[in-house]
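The primary structure of each chain is shown beneath.
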Amino acid sequence: ILPTIMSGFEFLVVLLSIVFGLALTQLLSGAVRLLNEESIDVVRLVWAGALMLMVIINWWGFIGWGDLEEWRFGQYAFLMLWASAHYAMAATLFPDRAVGHERTERQRRTFLLTLLATLIIDVGEAALRGPVWSDLPYLISMIVWCSGGIAALTSPKPWVERLVAWYFLVSALAFALAERSTFHG
């Protein structure tokens, strides 16, 4: 028998960290490219900031899985879906083929649908760790964020998405500083 060099968590977290890192890379590179454009799409820049916070908060929160002794493939597969959804949000906000071009309505809708899917998957991740209703600030945030995402998706008015994007950014920052500034595993 070979000696254990890494715990199961340490082994599994490597791939998840790579996926979260790719999401951050996509967001950072997209935001920098956006800043180099003649006219800056402020809404996408605000979304980029909000999503960077979401990725960092969830990556930070993943530490809560470190005390799990026995891993099942279903848990890991779901967590890979969760991490991949964060990357998909970044990729739909800044699709490679859209660099240098204004965002189309289809791209906007795809991004917002991906955002909603990621929020729902995030609730699933939280439920795998324990009762979601015991973390009231998280639950309220998810309900409000999903409602905002639905409003931005269904409203034809551009100011609605702009308002929702700013709300996501400010509330994600407040959530990170107030609720997730220390780890409550």
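Structure: above.
Since we're looking at a predicted model, the values are computed, not measured.

1. Structural notes on the packing of aromatic side chains
In step 1: Within the structure shown, the criterion is met by nine aromatic pairs.
In step 2: Pairing W145 with F168 gives two aromatic rings, centres 5.4 Å apart and planes at 20°, and the pair type is stacked. Of this pair, W145 sits in helix 5 (residues 136–154) while F168 sits in helix 6 (residues 158–178), and the two are 23 residues apart along the sequence.
In step 3: Note on W145: relative accessible area 5%, which makes it buried.
In step 4: Both rings, one in W145 and one in F175, keep their centres 6.4 Å apart while their planes meet at 65°; by these two values the pair is edge-to-face. A residue pair is termed long-range when its members are at least 10 positions apart, and W145 in helix 5 and F175 in helix 6 qualify at 30 residues.
In step 5: Its relative accessible area of 8% is what places F175 among the buried residues.
In step 6: Every member of this aromatic cluster is reached through a ring pair, and the members are F9, F20, W59, F62 and W82.

2. Examining the side chain of D122
In step 1: Relative to the helices and strands, D122 resides in helix 4 (residues 105–129).
In step 2: Of the buried charged residues, D122 lacks a salt bridge, with R129 as the closest side chain of opposite charge at 6.5 Å.
In step 3: Discounting chain neighbours no more than four positions away, the residues touching D122 are N58, W82, H86, Y138 and M142.

Definitions and limits used
- Residues numbered from 1 in each chain as written.
- Predicted model: local features only at pLDDT ≥ 70, side-chain atom pairs only at ≥ 80, totals over all residues.
- Heavy atoms only, no water.
- Phe/Tyr/Trp six-rings, centres within 6.5 Å; stacked < 30°, edge-to-face > 60°.
- Helix = DSSP H or I, 4+ residues; strand = E, 2+ residues; numbered from the N terminus.
- Buried < 20%, exposed > 50% of the residue type's maximum accessible area, 1.4 Å probe, protein only.
- Lys, Arg positive; Asp, Glu negative; His and termini not counted.
- Salt bridge = Lys/Arg side-chain N within 4 Å of Asp/Glu carboxyl O.
- Contact = heavy atoms within 4.5 Å.

Such coordinate-based values are descriptive only and should not be taken to indicate function.
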